[in-house]
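Residues per chain, in single letters:
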Amino acid sequence: MRAPKILFLLWFSVWIVPGSAAAADSCVTCHAAIDDAVKGPAALIKNDVHIAHGLSCADCHGGDRTSDDPDVSMNKAKGFKGKPARATIPKFCAACHSSPDYMRKYAPRERVDQFELYQTSVHGKRLAAGDTAVATCIDCHSVHDIRAVKDSAAPVHPLRVGETCSRCHSDAAKMAPYKIPTNQFQEYKTSVHWEALSKRGDLSAPSCASCHGNHGAKPPQAESVSAVCGSCHVLFEQLYEKSVHNAVFSGAGGGGGCMVCHSNHAVHYPSTAMLAGPKAVCSGCHDAGTAPAGAATQMAGWLDGLDTALKKSETVLASAEQSGMEVSEAQVRLIDGRENLVKARLALHSMKPAEMQKPVEAGMAIAQATQKAGEFALHEKDTRRMGLAVSVLLIGIVILAIRLLLRRMESSS
Ligand code: HEC
Ligand code: HEC
Ligand code: HEC
Ligand code: HEC
Ligand code: HEC
Ligand code: HEC
Ligand code: HEC
Ligand code: HEC
Ligand code: HEC
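Residues numbered from 1 in each chain as written. Chains lettered and ligands numbered in written order. Predicted model: local features only at pLDDT ≥ 70, side-chain atom pairs only at ≥ 80, totals over all residues. Heavy atoms only, no water.

Enquirer: Can you help me understand the nonpolar core in this one?
Expert: Side chains of a nonpolar character, in soluble globular proteins, are inclined to be buried together. The biggest cluster of nonpolar side chains holds 22 residues, and the ones touching the most others in it are L275, L303, L310, L348 and M356. Broken down by secondary-structure element, the contributors of at least two residues to this core are α21 (291-322), α22 (328-347) and α23 (353-412). Per-element tally for this core: the top contributor is α21, with nine residues. Those residues in contact with L303 that sit more than four places away from it in its chain are T272, L275, L341, A344, R345, L348 and M356. Listed in part, the six residues of the second largest apolar core include Y188, W194, L197 and A205. (Core = buried A, V, L, I, M, F, W, Y, C linked by side-chain atoms within 4.5 Å. Buried < 20%, exposed > 50% of the residue type's maximum accessible area, 1.4 Å probe, protein only. Helix = DSSP H or I, 4+ residues; strand = E, 2+ residues; numbered from the N terminus. Contact = heavy atoms within 4.5 Å.)

See below:
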C-alpha cells in the first residue's frame, strides 16, 4: 500500500512540475523553512490523508506552487485563498468533498453529502446563524493532520471521538451560553457501551457519533430514542413499541423511550434492582399496591428465581465435573437454560408478565433437570468411592488373614 502511494507522489510531483521533482512544491519548501507559527502546517502535514493522495497546500489554499517568490505563489490572482475564515470552513472543505465528479477520481464509493448533512445539524444551523463556537469540519477532523477515518489515530475513530466531542461538550465555560448539560462524556465512560468498545474492542458498540450522527449531529428527538437504540437492539425495540409504555413515554418534554429506564449516556448493566427494591425505576411512576407495581415484583421474582436456580445447577455440575464424572450433556442443556433467561429479560419489555412466564418456566424446568443430573453424578461418585473403600478393606482383611495363617503354619512346623 505504502509503496504505490510514494510512487504516485513522485509521479504526481513530476507531472505537476515537469523536469524538477525536487523543487516540486514551493509552498512546502518555504513553509518548512520558516521559523514561526506558519511552519506548523508543513511539519504536521506528512501524516495527512490529502498528502497521501497526492494533494498539497495549494489544492486547498490555492496559489502557485511552482514559484519560490511569495508574491507570486501566494497571489490572489493565482487563486490564493489564504487562511479561510472560521465560518467558511465547511464550504472550503466542501469544494472537493461535495463534488461527486472530483471525489470519484480518488474514492468512487465515498459519500459526498457531509456538507449537506452538516447544514441540517445543530452545529451547522448555528454556524450559519453566526455562532462560531460550534464544531466545524476541522474541530472533529483536525487540520493539516487529517487522517483517514479508519486510522486509529484519527480523532473521529470510535475510540477517540468521545474525547473529540468532549473538548467542547465537557467544557462548562464553552457550553454555559447554551444551558445544556456537560456530563455526557463523563457518564458515557461509565456505560456498558464504552466498556464494550474500550475494553473488549467491540466496534459494534456505539460511540457518540453512532447515536447522534456525525455530520447531521443533533440529539435524537424524544420520539426517536427507541429507534436509535433499536438500530442495534432490534428485538427490544419491537417489543417496547408494542408495550403500553411506548405511548406514554414519548410524550412532549424529551427524554423518552428506552432512556426512561436505561438512561442515554450512562447505560449500565441492567438487573432486577431496576424492577424491585429501593432503586427500582418502576416505583417512580407506579405506587406500591397497584397492578403494575405487582407485575414488577413478580417479574423480578421470576428473573431472580431462574438466575439462582441456573447458578445452583452450574455449581453442582462443575463440582461433579471436577471429580471426574461425565456431565457434559447436562452442561450443554444448561446453555439452553441460560438462553431462556435471556428470552425472559427480552420478554419483560412487552410489560406483560404472561409473555415472560413461558421462558421462565422452560428455564426452570431445565435448571431443575440439570441440577438433578449433577446431584445424581455426585451421588454416583460417592457410591463408587464407598465401593472402592469396601473392596480395599476386604483385600486388607484377606491379606491379614493369609499372613496370620502363614505365621501359624510356620510356628506349628
Ligand atoms: C518563499 C516563502 C513562501 C512561499 C513560497 C509560500 N509561502 Fe505561504 N507564507 C509565507 C510566510 C512568510 C507567511 C506568513 C506571512 C504572511 O501572511 O504573508 C505565509 C502565510 C501563508 C498562509 C496564511 C495566510 C493567512 O491568511 O494567514 C497560508 C495559508 C499560506 N502561506 C499558504 C501557502 C501556499 C498554499 C503556498 C504555495 C502556493 C505558499 N504559502 C507559498 C511564506 C511562503
Ligand atoms: C485539506 C486542506 C488543507 C491543506 C492540504 C492545507 N491546509 Fe493550511 N489550512 C487549512 C484550513 C482549513 C486552515 C484554517 C485553520 C483554522 O482556522 O484554524 C488552514 C490554515 C493554514 C495556515 C494559517 C495557520 C494559522 O494558524 O493561522 C497556514 C499558514 C497554512 N494553512 C499553510 C498550509 C501549508 C503550508 C500547507 C501545505 C504544507 C497547508 N496549509 C495545507 C486547510 C488546508
Ligand atoms: C461533529 C463532528 C464532525 C464534523 C463537524 C464533521 N465530521 Fe466528518 N466525520 C465525523 C465522524 C465521526 C466520521 C466517521 C464516520 C465513521 O466512522 O463512519 C466522519 C467521516 C467523514 C468522512 C469520511 C466519509 C464519510 O462520510 O463517512 C469525510 C470525507 C468527512 N467526514 C468530511 C467532513 C467534512 C468535509 C466536514 C465539514 C463539512 C465534516 N466532515 C464535519 C465527524 C465530523
Ligand atoms: C482539494 C480537494 C480537497 C479539499 C479542499 C479537502 N479534501 Fe479532504 N480529501 C480529498 C481527497 C481527494 C481525499 C482522499 C480520498 C478519500 O479517501 O476521501 C480526502 C480525504 C479526506 C478524509 C478521509 C476520508 C476517509 O476515507 O477516511 C477526510 C476526513 C477529509 N478529507 C476531510 C477534509 C476536511 C475536514 C477538509 C477541509 C479542511 C478537506 N477534507 C478538504 C480532497 C479534498
Ligand atoms: C468546537 C466545539 C464542539 C465540538 C468539537 C462538538 N460540538 Fe456539539 N455543539 C457545540 C456547540 C457550541 C453546540 C450548541 C449547543 C446548543 O445549541 O444547545 C453543540 C450542539 C450539539 C448538539 C445539540 C445539543 C442540543 O440539544 O442542543 C449535539 C447533539 C452535539 N453538539 C453533539 C456533538 C457530537 C456528537 C460531537 C462529536 C462528534 C460534537 N458535538 C462536537 C460545540 C461542539
Ligand atoms: C447510546 C446512544 C448515545 C450515545 C452513545 C451518546 N448519546 Fe448523547 N444523547 C442520546 C440521547 C437519546 C439523548 C437525548 C435526546 C432527547 O432527550 O431527546 C442525548 C443527548 C445529548 C446531548 C444534548 C444535551 C443532553 O445531555 O441532553 C448532547 C450534547 C449529547 N447527547 C452529546 C453526546 C456526546 C458528546 C456523546 C459521546 C461522549 C454522546 N452524546 C453519546 C444518545 C446517545
Ligand atoms: C451501535 C449499536 C448500539 C446502539 C445504538 C445502542 N447499543 Fe446498547 N449495546 C450495544 C452493544 C454492542 C452492547 C454490548 C453487548 C454485550 O457485550 O453484551 C450493548 C449493550 C447494552 C446493554 C447491556 C446488555 C447486557 O447484556 O447486559 C443495554 C442495557 C443497552 N445496550 C441499552 C441500550 C440503549 C438504552 C440504547 C439507546 C439509548 C442503546 N443500547 C444503543 C450496541 C448498541
Ligand atoms: C420500563 C422500563 C424499561 C424500558 C422502557 C426499557 N427497558 Fe430494557 N430493561 C429493563 C429492565 C428492568 C431490564 C433488566 C432485567 C434484568 O436484567 O433483571 C432490561 C434489560 C435490557 C437489556 C439487557 C438484556 C439482557 O439480556 O441482559 C437490554 C439490551 C435492554 N433492556 C434494551 C432496551 C432497549 C433497546 C429499550 C428501548 C427500545 C429498552 N430496553 C426499554 C427495563 C426497561
Ligand atoms: C415514567 C413513568 C413510568 C415508569 C418509570 C414505568 N411505568 Fe409502567 N406505566 C406507566 C404508565 C403511565 C402506564 C399506563 C397507565 C397505567 O396502567 O398505570 C404504565 C403501564 C404499565 C403496565 C401495564 C398495566 C396494564 O394495565 O396493562 C405495566 C405492567 C407496567 N407499567 C409495568 C412497569 C414496570 C415493570 C416498570 C419498571 C421496569 C414501569 N412500568 C415503569 C408509567 C411508567
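There's plenty left to go through after this.
Enquirer: Mind showing me how you'd approach the site of ligand 3 here?
Expert: Taken together, 17 residues lie around ligand 3, and Q114, C137, C140, H141 and H215 are the ones closest in. Q114 is positioned such that a nitrogen or oxygen atom in its side chain is 2.9 Å from an oxygen atom of ligand 3. One nitrogen or oxygen atom from the side chain of H215 is found 2.8 Å from a nitrogen atom belonging to ligand 3. Elements represented by at least two residues in the shell around ligand 3 include exactly α7 (89-97), α9 (114-118) and α11 (137-141). A breakdown of the residues in the shell around ligand 3 according to their chemical character gives eight nonpolar, seven polar and two charged. (Near = heavy atom within 4 Å. Polar contact = N/O pair within 3.5 Å; in protein donor to acceptor, adjacent residues only side chain to side chain. Nonpolar A, V, L, I, M, F, W, Y, C, P; charged D, E, K, R; others polar.)

Enquirer: Sorry, what's going on with α22 here?
Expert: Each turn of an α-helix holds 3.6 residues, which means side chains three or four residues apart point in the same direction. Taking 1.5 Å of rise per residue, 20 residues should cover 28 Å, and α22 covers 29 Å from first to last C-alpha, within 8% of that figure. Residues of α22 that are buried include every one of A330, L334, G337, N340, L341, A344, L346 and A347, and no others. The elements touched by buried residues of α22 are α18 (234-242), α21 and α23. (Expected span 1.5 Å × (residues − 1).)

Enquirer: Explain the site of ligand 5 to me, please; I cannot follow it from the model alone.
Expert: Around ligand 5 lies a shell of 19 residues, among which H123, R126, C165, C168 and H169 are the nearest. H123 is positioned such that a nitrogen or oxygen atom in its side chain is 2.8 Å from a nitrogen atom of ligand 5. Here an oxygen atom of ligand 5 sits 2.6 Å away from a polar atom, N or O, in the side chain of R126. When contributions to the shell around ligand 5 are tallied by element, the ones reaching two or more residues are α10 (122-128), α12 (161-169) and α16 (208-212). Counting residues per element, the shell around ligand 5 draws most heavily on α12, at five residues. Taken together, the residues of the shell around ligand 5 break down into twelve nonpolar, four polar and three charged.

Enquirer: Teacher, can you tell me more about the coordination of the iron atom of ligand 3 here?
Expert: Tetrahedral coordination by four donors sets the ideal angle at the metal to 109.5 degrees; octahedral coordination by six donors sets it to 90 or 180 degrees. The protein atoms donating to the iron atom of ligand 3 are H141 (NE2) and H215 (NE2), with metal-donor distances spanning 2.0 to 2.1 Å. Relative to the metal, the six donor atoms surrounding the iron atom of ligand 3 lie at angles of 86 to 179 degrees, and the coordination shape comes out octahedral. Pair noted here: H141 is in helix α11 and H215 is in the loop between α16 and α17 (225-230), with a separation of 74 residues, a long-range link. (Donors = N, O, S within 2.8 Å, 3.2 Å for Na, K, Ca; no water. Tetrahedral: all angles 85-135°; square planar, octahedral: opposite > 155°, others 65-115°.)

Enquirer: Where do I start with the packing of aromatic side chains in this structure?
Expert: Here the distance between the centres and the angle between the planes together describe a pair of aromatic rings. In this structure the tally under the stated criterion is two aromatic pairs. With centroids separated by 5.7 Å and ring planes inclined at 50 degrees, the aromatic side chains of Y188 and W194 adopt a geometry described as tilted. Using a relative accessible area of 9% as the deciding quantity, one classes Y188 as buried. (Phe/Tyr/Trp six-rings, centres within 6.5 Å; stacked < 30°, edge-to-face > 60°.)

Enquirer: Explain the coordination of the iron atom of ligand 5 to me, please; I cannot follow it from the model alone.
Expert: For the iron atom of ligand 5, the protein coordination sphere consists of H123 (NE2) and H169 (NE2), at 2.0 Å. Coordination at the iron atom of ligand 5 is octahedral: its six donor atoms span angles of 86 to 179 degrees at the metal. Note that H123 is positioned in helix α10 and H169 in helix α12, a separation of 46 residues in sequence.

Enquirer: Would you mind showing me how to read the packing of α21 against α23 here?
Expert: In helix packing, the relevant descriptors are the interaxial angle and the interaxial distance, both defined with respect to the helix axes. Packing of α21 against α23 brings their axes to within 8 Å, and their N-to-C directions diverge by 20 degrees. The angle between α21 and α23 falls in the class roughly parallel. The two elements α21 and α23 meet at a crossing, and its hand is left-handed. Looking at the contact of α21 with α23 residue by residue, the class counts come to 18 nonpolar, nine polar and two charged. (Axes fitted to C-alpha atoms, helices over the stretch in contact; angles between N-to-C directions. Parallel < 35°, antiparallel > 145°, perpendicular 65-115°, else oblique. Left-handed = near helix turned anticlockwise from the far one by under 90°.)

Enquirer: When you look at the confidence of the model for the chain in this model, what are you seeing that I'm missing?
Expert: Regions with low pLDDT carry predicted coordinates that are not meant to be interpreted in detail. Chain-level pLDDT for the chain is 91 on average; 93% of the residues reach the 70-or-more range. Counting interchain partners and residues more than four positions distant, the pLDDT-below-50 stretch residues 1-23 has 13 contacts. (pLDDT = per-residue confidence, 0-100.)

Enquirer: Sorry if this is basic, but what is going on with a nonpolar patch on the surface here?
Expert: Together, M386, V390, L393, L394 and I397 give the surface a local cluster of nonpolar side chains, amounting to about 520 Å² of exposed area. For V390, the position within the fold is in helix α23. Judged by relative accessible area, which is 42%, V390 ranks as partly exposed. (Patch = residues over 30% accessible without salt bridge, like charges linked within 9 Å, V, L, I, M, F, W, Y side chains within 5 Å. Areas by Shrake-Rupley, 256 points an atom, 1.4 Å probe, with all protein chains shown as cover. Salt bridge = Lys/Arg side-chain N within 4 Å of Asp/Glu carboxyl O.)

Enquirer: I tried to follow the side chain of E237 on my own but got confused; where do I start?
Expert: Mapped onto the fold, E237 is located in helix α18. Buried within the structure, E237 lacks any salt-bridge partner; K242 is the closest side chain of opposite charge, at an N-O distance of 11 Å. With residues up to four places along the chain from it excluded, the contact list for E237 reads S226, A227 and G230. (Lys, Arg positive; Asp, Glu negative; His and termini not counted.)

Enquirer: How should the pattern of salt bridges be read in this particular structure?
Expert: Pairs can form between side chains of opposite charge whenever their charged atoms are close. This model, assessed by the stated rule, comprises twelve salt bridges. Among the ionic pairs, D139 bridges to R86, the shortest N-O distance being 2.8 Å. Taken together, the positions of D139 in helix α11 and R86 in the loop between α6 (70-73) and α7 put the pair 53 residues apart, joining distant regions of the chain. Relative accessible area serves as the criterion here: at 29%, R86 is assigned to the partly exposed category. The salt bridge involving E195 is made with R200; its shortest N-O contact spans 3.7 Å. Taking the relative accessible area as the measure of exposure, E195 reaches 26% and is therefore partly exposed.

Enquirer: Is there a simple way to think about unusual backbone geometry in this case?
Expert: Leaving glycine aside, a negative phi is the common case for residues, and trans is the common case for peptide bonds. We note that S142 has phi near 70 degrees; this positive angle belongs to a residue other than glycine. Tracing the chain through its elements places S142 in the loop between α11 and α12. Positive phi, normally seen in glycine, also occurs at S263, with a value near 70 degrees. Given the relative accessible area of 25%, S263 is considered partly exposed.

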